[in-house]
Amino acid sequence: MSSEQSDFLFLAPDSEEEITQELSDFWDVLIVDDDPEIHSVTKLALSGVEFWGAGLRFHDAYSGSEAIEILKNNNTISVIFLDVVMESDDAGLQVVKRVREELNNQHVRIILRTGQAGNTPEEKVIREYDINDYKTKTELTRSKLVTSLITAIRSYEQVCQLEYQSDAMNTIVSASKSILGLTDIKVLCKEIIKHLGIILECQQVGLVCSKLDGDNFIQVLGGSGHYESYFGEKLVNVDSIALEQVEQCFESAQHCQTDSSVTFIVKSKHRQAAIYLECEHKPSDAQLQFAEIFLTNVSVALDNVRLFVKLRDAAYKDVLTGISNRTNFIERVVRYQKPHVNDYVFVLIDVIGFADINNGLGQEIGNHLLIEIVKRLKDAYPDAKLLSRIGADVFGFIIRQTEFDLEQFNDVLSVPFSAGEHILPVDFRIGLCQQQDFQSTGLDTLKVAYIALNQAKKLKCKEGIYYDIDMQDKMAWRLGIIRQLRHDFARQKLQVWYQPQLSLDNLSLIGCEALLRWPSEDGSFISPAVFVPLAEDAGLIVDIGQWVLEQACQQQKRLEALGEEICIAVNVSVPQFKVKGYATTVKNTLQKYDVKPCNIELEVTESVVMDELETVINTLKELKELGVEVAIDDFGTGFSSLSYLQSLPLDRLKIDRAFVKDLPDNDTGAIAALVVSLGAKLGLKTIAEGVETQQQAEFLKNLGCDEVQGFMYAKPMPEHELLEFIKERNKKLNINRLYSRRDISR
């Protein structure tokens with residue numbers, strides 16, 4: 001027989017015994033034919049064949065439907081020897097179609113074999129079906145069969161590699177997107193392990209660790225599986241094998257792998273980092289290459305987290321003291337809001353006079369003081385939560401009520417603080433809010449604590465004040481009034497009324513006091529005693545005070561045009577005097593409306609004078625040099641020292657209505673007499689307000705009081721009534737003069 005005949009598979013099978021060899025890897029081959037003999041001779045012909053270090057493992061199917069069932073349950077089949085004609089003339093072709101379309105198996109390579117070559121043309125089959133080869137059974141010698149098989153296996157491997165590469169790249173792209181957006185280091189590390197496990201096709205168990213510059217230990221940044229709970233731990237306390245692998249990586253600056261693990265070193269600008277992953281098999285070169293691509297993004301993600309932590313610290317930590325700032329406190333305190341739970345208390349403290357310390361001793365000493373306050377709070381209350389710098393000189397913390405005693409807290413704060421070379425006794429105001437009063441947002445919780453703190457500051461209570469719901473109601477009312485005042489002032493709804501001032505000698509009109517009035521929607525008026533303090537608190541009083549001054553100047557000019565040149569008194573508040581250049585503002589206003597300085601009087605209370613005495617004296621001297629008259633309003637009610645009077649450039653003392661209302665029957669008039677006498681000795685005029693009876697007027701006149709105002713003579717009135725009052729008064733004076741002349745002529 002010729003060599004070709006001896007090699008012919010089906011006519012002259014090889015009689016050599018099958019050589020058996022134990023192999024760990026196999027190429028799975030499915031033989032599909034309804035003839036059992038074909039199965040036998042195919043296996044015999046391919047026995048002992050190896051390719052790329054792997055042998056062959058055969059699977060048998062005797063019909064197209066049986067082949068489909070095997071392929072459904074086994075995705076490792078790499079090559080199919082498939083008979084065309086079985087249960088039907090095109091059974092094999094239907095199997096091809098179902099494998100590609102129904103099972104969506106694009107990897108397996110298919111070699112079609114037929115015993116009836118003319119039934120289905122080879123060219124048509126190759127064009128229309130995704131197969132590797134199409135042969136008649138009679139032309140398949142052993143060598144050709146092996147050649148077709150190896151070609152198919154090589155094609156199968158290439159298809160698998162292409163799909164793996166595509167899947168791996170998609171995995172890397174998806175994984176990179178997911179990790180680059182993470183800012184929580186624990187979550188990031190878990191995701192890194194997860195995606196590396198997918199790329200290397202191993203279990204997702206491992207850890208990420210790092211060694212910061214200057215540190216002599218390796219710290220776990222996060223992990224997955226049984227390593228997940230070791231966040232922040234030193235690696236030496238976690239796993240000796242992992243420690244050995246990571247140290248080896250750091251020392252060699254290369255990736256390391258063993259039979260059960262793989263360790264990657266991650267290049268980073270500011271740290272040495274490594275990823276230790278448990279892996280039951282050695283990764284392939286392709287897997288390691290794709291892992292290397294992914295590690296580039298891991299390095300970026302770790303640097304991003306480091307940058308984020310820095311930015312977060314800048315946004316959420318106080319740079320000076322290192323504790324949380326207001327923003328961080330607001331975001332975190334909300335977790336303590338629990339209905340019907342009252343375990344904690346929020347303590348808010350304000351350093352009184354901190355601005356004076358800063359201005360007097362310098363900002364560096366002020367900073368030292370703030371740091372010392374934080375240190376003392378930490379030492380006294382180590383278990384306190386959310387210790388934060390809420391404002392420039394305001395601190396707060398959360399603590400269990402069982403661990404906090406207000407009296408002891410005051411004792412802690414009462415000890416002087418060391419700031420630089422200074423020992424400073426410091427006063428505090430304390431506002432407290434119990435957990436049952438915490439609000440649904442951190443900002444609202446802070447607001448209610450501030451309500452208590454502001455109440456403590458207003459009452460000058462050193463011991464501390466707890467928030468209660470009544471404070472909230474009062475605060476809501478205050479805010480409502482302030483909001484409405486701001487609204488009405490902007491729309492020029494406020495009014496200036498005038499109360500005439502008279503000489504006690506002849507009851508001639510010498511001036512008027514400008515009085516602010518705020519009409520409500522129902523036609524009534526809101527008391528100045530209510531809204532003026534609120535305007536001061538809200539920072540509105542400076543603008544309102546300037547507006548009143550301008551209204552008074554305009555009114556004075558209108559009266560002057562009618563032949564009535566009188567002085568109009570305007571009240572000045574503490575905040576107005578604190579505005580830099582207030583005297584210049586007054587001067588410019590007088591010039592703007594062409595008003596003589598002597599026709600405007602500024603009334604200041606003792607509280608204004610005593611608030612910042614030196615500043616007020618200097619301002620009053622400037623006003624006096626302009627020619628503006630100055631009066632002390634409500635004199636005697638401030639219980640302040642009389643020594644300052646000689647320093648003040650004054651023109652008039654005003655006796656408060658409190659010292660007039662009970663004259664003469666229920667008050668001896670001692671204080672009124674003292675004020676009149678004091679004024680006379682200092683060369684100042686005195687004016688009494690609140691005079692309502694003739695007996696009061698006569699009593700004051702007998703004391704030597706110069707001027708008077710009160711309901712007995714005229715109530716505060718709007719401009720049109722003031723003009724009518726002056727008109728009627730002038731008419732009476734003219735009549736009186738007429739009768740006087742007649743009496744003289746007689």
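Residues numbered from 1 in each chain as written. Predicted model: local features only at pLDDT ≥ 70, side-chain atom pairs only at ≥ 80, totals over all residues. Heavy atoms only, no water.

1. Concerning the overall build of the protein chain
Here is step 1: Tallying secondary structure elements over the protein chain gives 24 helices and 27 strands in all.
Here is step 2: Residue burial in the protein chain is summarised as follows: out of 746 residues, 45% are buried.
Here is step 3: Taking contacts inside the protein chain between residues at least 6 apart in sequence as the whole, the part at least 24 apart equals 66%.
Here is step 4: If you sum the accessible surface of the protein chain, you get close to 38600 Å²; carbon and sulfur atoms cover 48% of it. (Helix = DSSP H or I, 4+ residues; strand = E, 2+ residues; numbered from the N terminus. Buried < 20%, exposed > 50% of the residue type's maximum accessible area, 1.4 Å probe, protein only. Contact = heavy atoms within 4.5 Å. Areas by Shrake-Rupley, 256 points an atom, 1.4 Å probe, with all protein chains shown as cover.)

2. A few points about the sheet that holds strand S12 (residues 344–352)
Here is step 1: Sheet architecture is open: six strands sit in the order S11-S13-S14-S12-S17-S18, paired in mixed fashion. The sheet is open, and its two edges are formed by strand S11 (324–325) and strand S18 (465–466), each paired on a single side.
Here is step 2: Two strands pair when backbone bridges link them, and S12 and strand S17 (residues 427–434) are joined in this way by eight bridges, in the antiparallel orientation. Residue pairing in the sheet places isoleucine 349 in a bridge with isoleucine 430 of S17.
Here is step 3: The strands touched by helix H13 (residues 406–414) within the sheet are S12, strand S14 (394–400), S17 and S18, with S17 carrying the most contacts at an inclination of about 150 degrees. (Pairing = 2+ DSSP bridges. Axes fitted to C-alpha atoms, helices over the stretch in contact; angles between N-to-C directions.)

3. Observations concerning the pairing of strand S13 (residues 385–391)
Here is step 1: Burial within S13 is extensive, with five of its seven residues counted as buried.
Here is step 2: Across two bridges, the pairing between S11 and S13 is parallel. If you follow asparagine 325 over to S13, its bridge partner there is arginine 389.
Here is step 3: Sheet topology note: the S13/S14 ladder contains four bridges and is antiparallel. The residue bridging serine 388 from the neighbouring strand is glycine 396, located in S14.
Here is step 4: Hairpin connection of S13 to S14: two residues between the antiparallel strands.

4. Comments concerning the pattern of salt bridges
A side chain with one charge can pair with a side chain of the opposite charge if their charged atoms come near.
Here is step 1: Evaluated as defined, the whole model comprises 21 salt bridges.
Here is step 2: The residue glutamate 69 makes a salt bridge to lysine 72 at a minimum N-O spacing of 3.5 Å. Of this pair, glutamate 69 and lysine 72 both sit in helix H3 (residues 64–73), three residues apart, roughly one helical turn.
Here is step 3: Residue classification places glutamate 69 among the partly exposed residues on the basis of a relative accessible area of 42%.
Here is step 4: With its nearest N and O atoms 3.1 Å apart, the salt bridge here joins arginine 389 to aspartate 318. (Salt bridge = Lys/Arg side-chain N within 4 Å of Asp/Glu carboxyl O.)

5. Considerations on the packing of aromatic side chains
Here is step 1: Enumeration over the complete set of coordinates arrives at 16 aromatic pairs.
Here is step 2: Ring geometry for tyrosine 336 and tyrosine 344: centres 5.2 Å apart, planes at 70 degrees, overall edge-to-face. For the pair shown, tyrosine 336 and tyrosine 344 are each scored as buried.
Here is step 3: An aromatic cluster is present here, built from Tyr381, Phe397, Phe404 and Phe409 joined pairwise through their rings.
Here is step 4: Above the plane of the ring of phenylalanine 231 lies lysine 186, whose end atom (NZ or CZ) is 5.1 Å from the centre.
Here is step 5: Between arginine 376 and the ring centre of phenylalanine 417, over which it is positioned, the NZ or CZ distance is 3.7 Å. (Phe/Tyr/Trp six-rings, centres within 6.5 Å; stacked < 30°, edge-to-face > 60°. Lys NZ or Arg CZ within 6 Å of the ring centre and 35° of its normal.)

6. Remarks on helix H8 (residues 240–252)
Here is step 1: Helix length check: H8 (13 residues) gives 18 Å between terminal C-alpha atoms against 18 Å at 1.5 Å per residue, within 8%.
Here is step 2: Of the residues making up H8, those classed as buried are Ala242, Leu243, Gln245, Val246, Cys249 and Phe250. Summarising the axial view, the buried residues of H8 lie within an arc of 170 degrees, below the 170-degree limit, and thus occupy one face. In H8, the exposed positions angled more than 90 degrees off the buried face are occupied by Ser240, Glu244 and Glu251.
Here is step 3: One side-chain oxygen at the N-terminal end of H8 lies 2.9 Å from the backbone nitrogen of isoleucine 241; it belongs to aspartate 239. (Expected span 1.5 Å × (residues − 1). Arc of directions from axis to C-beta. Polar contact = N/O pair within 3.5 Å; in protein donor to acceptor, adjacent residues only side chain to side chain.)

7. Quick word on the sheet that holds strand S1 (residues 26–32)
Here is step 1: What the five strands build is an open sheet, ordered S2-S1-S3-S4-S5; its pairing is parallel. Both edges of this open sheet fall to strand S2 (55–61) and strand S5 (133–136), since each of them pairs with a single strand only. Looking at each pair of strands side by side, their axes are set apart by 20 degrees on average, direction ignored.
Here is step 2: The pairing of S1 with strand S3 (residues 77–83) spans five bridges and is classified as parallel. Pairing of valine 29 across the sheet is with valine 79, part of S3.

8. Remarks on the nonpolar core
Here is step 1: Among the nonpolar cores identified, the biggest contains 72 residues, and Ile544, Leu602, Leu623, Ile655 and Leu700 are the most heavily contacted of them.
Here is step 2: Ranked by residue count, the leading element in this core is helix H17 (residues 541–561), at eight residues.
Here is step 3: Apart from the residues within four sequence positions on either side, isoleucine 655 is in contact with Val660, Ala672, Val675, Val676, Ile687, Ala688, Glu689 and Cys705. (Core = buried A, V, L, I, M, F, W, Y, C linked by side-chain atoms within 4.5 Å.)

9. As for the confidence of the model for the protein chain
Here is step 1: On average, residues of the protein chain score 85 in pLDDT, and 90% of them reach the 70 mark or higher.
Here is step 2: Between residues 1–23, whose pLDDT stays under 50, and residues either more than four places distant or in other chains, the model counts 33 contacts. (pLDDT = per-residue confidence, 0-100.)

10. Focus on the layout of surface pockets
Here is step 1: In this structure, the second largest pocket spans a volume of roughly 910 Å³.
Here is step 2: Along its surface, the second largest pocket is lined by 22 residues, and Asn454, Lys457, Lys458, Arg478 and Asp537 are the ones closest to its centre.
Here is step 3: Listing elements by their share of the lining of the second largest pocket, those giving two or more residues are helix H14 (442–458), helix H15 (469–490), helix H16 (528–537) and helix H18 (574–578).
Here is step 4: Grouping the constituent residues of the lining of the second largest pocket by class yields seven nonpolar, two polar and 13 charged. (1 Å grid on protein atoms, 1.4 Å probe; cavity = no way out; pocket = protein on both sides within 12 Å on 5 of 7 lines; lining within 4 Å. Points joined across faces, edges and corners; volume = space filled by probe spheres on them. Nonpolar A, V, L, I, M, F, W, Y, C, P; charged D, E, K, R; others polar.)

11. Thoughts on H14
Side chains of residues three or four places apart in an α-helix project in the same direction, reflecting 3.6 residues per turn.
Here is step 1: Helix length check: H14, at 17 residues, gives a terminal C-alpha distance of 24 Å against a target of 24 Å (1.5 Å per residue), a fit within 8%.
Here is step 2: Of the positions making up H14, those classed as buried are Gly442, Thr445, Leu446, Val448, Ala449, Ile451, Ala452, Leu453 and Ala456.
Here is step 3: The first or second residue beyond H14 is lysine 460, which carries a positive phi of 55 degrees.

12. Some details on a negative patch on the surface
Here is step 1: A contiguous patch of negative charge on the surface is contributed by Asp34, Asp35, Glu37 and Glu87.
Here is step 2: As for its position among the elements, glutamate 87 is in the loop between S3 and helix H4 (91–102). (Patch = residues over 30% accessible without salt bridge, like charges linked within 9 Å, V, L, I, M, F, W, Y side chains within 5 Å. Lys, Arg positive; Asp, Glu negative; His and termini not counted. Charge placed at Lys NZ, Arg CZ, Asp CG, Glu CD.)

13. A look at the environment of glutamate 463
Here is step 1: The residue glutamate 463 is located in the loop between H14 and S18 in this model.
Here is step 2: A C-alpha to C-alpha distance of 7.5 Å links glutamate 463 and arginine 429, two positions 34 residues apart in sequence.

14. What to know about the packing of H15 against H16
Packed helix pairs are characterised by how far apart their axes lie and by the angle those axes make with each other.
Here is step 1: Across the interface, H15 lies against H16 with an axial gap of 10 Å and an inter-helix angle of 85 degrees. Considered as vectors, H15 and H16 are oriented roughly perpendicular to each other. For the pair H15 and H16, the contacting residues are Trp477, Arg478, Ile481, Ile482 and Leu485 in the first and Val530, Phe531, Leu534, Ala535 and Asp537 in the second.
Here is step 2: Per-class residue counts for the contact of H15 with H16 are eight nonpolar, no polar and two charged. (Parallel < 35°, antiparallel > 145°, perpendicular 65-115°, else oblique.)

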